[in-house]
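# Fold and contact review
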Amino acid sequence: GSVPATTQRLSVVVALDVSGSMTADNPSRINVLKNSVRIFLDMLDTIQHECAITTFDQFAYLNQDFTNSRTDLLTSLNSLQPQGGTDYDAAFMSDYG
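In this report, we go over the structure that sits alongside the text. The residue count restarts for each chain, going from 1 along the sequence in the order it is written. Residues qualify for local features only when their pLDDT is at least 70, as the model is predicted, and side-chain atom pairs are given and counted only at 80 or more; totals for whole chains, interfaces and linings, by contrast, use all residues. Excluding hydrogens and water, the side-chain figures rest on all heavy atoms present in the structure.

For the rest of this paragraph, the subject is the nonpolar core. What we call a nonpolar core is a set of buried Ala, Val, Leu, Ile, Met, Phe, Trp, Tyr and Cys residues that are connected through their side-chain atoms within 4.5 Å. A simple rule labels every residue: compare its accessible area, found with a 1.4 Å probe on the protein chains alone, to the largest value its type can have, and call it buried under 20%, exposed over 50%, or partly exposed in between. Of all hydrophobic cores here, the largest spans 15 residues; its most connected members are V14, L16, V37, L41, C51 and L77. Under the DSSP-based scheme used, a helix requires at least four consecutive residues in state H or I and a strand at least two consecutive residues in state E, with every element numbered from the N terminus. Among the secondary structure elements, those contributing two or more residues to this core are β1 (11-17), α1 (29-43), β2 (50-56) and α2 (70-78). It is α1 that contributes the most residues to this core, 4 residues altogether. What makes two residues a contact is simply this: any of their non-hydrogen atoms within 4.5 Å. Residues in contact with L16, not counting those within four places in the same chain, are L33, V37, I53, T54, T55, F56, L77 and L80.

Before going further, it helps to spend a moment on a nonpolar patch on the surface. Residues enter patches when their relative accessible area tops 30% and they take part in no salt bridge; the joining distance is 9 Å for like charges and 5 Å for the nonpolar side chains Val, Leu, Ile, Met, Phe, Trp and Tyr. Values of accessible area rely on a 1.4 Å probe in the Shrake-Rupley scheme; residue burial ignores everything except the protein chains shown. Think of a salt bridge as a Lys or Arg side-chain nitrogen and an Asp or Glu carboxyl oxygen that are within 4 Å of each other. A cluster of nonpolar side chains, namely Y88, F92 and M93, defines an oily patch on the protein surface of about 410 Å² accessible area. Relative to the elements of secondary structure, F92 occurs in helix α3 (residues 88-93).

The two faces of a sheet get side chains in turn, since along a regular strand they alternate between them. Along β2, 6 of the 7 residues are buried, which leaves the element largely enclosed by surrounding structure. Pairing geometry for β1 and β2, over 7 bridges, is parallel. Directly across from D17, in β2, lies its bridge partner F56. Here β2 runs beside strand β3 (residues 60-67); their pairing, made up of 5 bridges, is antiparallel. When the sheet's bridge partners are listed, T55 is paired in β3 with Y61. The antiparallel hairpin formed by β2 and β3 contains 3 residues in its connecting segment. Strands are labelled as partners when DSSP assigns at least two bridges between them.

In structure tokens form, the structure reads like this:
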């Protein structure tokens, strides 16, 4: 017999670098980043799956907790601005800033 197909719900975290290096020698880097995430969000079935957005520079930030709202995710994404330095250890090993 055949095995029935099951759909698994995804909880996706998008982690983005918003350090100053995102504009250091090419100011369009942040725009390329945002546009790439927009394309991903357009493809994500937010009725079925949830998504969260985190960013990091020398700290980690929770910009949008898990949600099924594409509007909330895009609002959070649109507000991102490059800032600060880059410290991967501190960003991923410390509490949210």
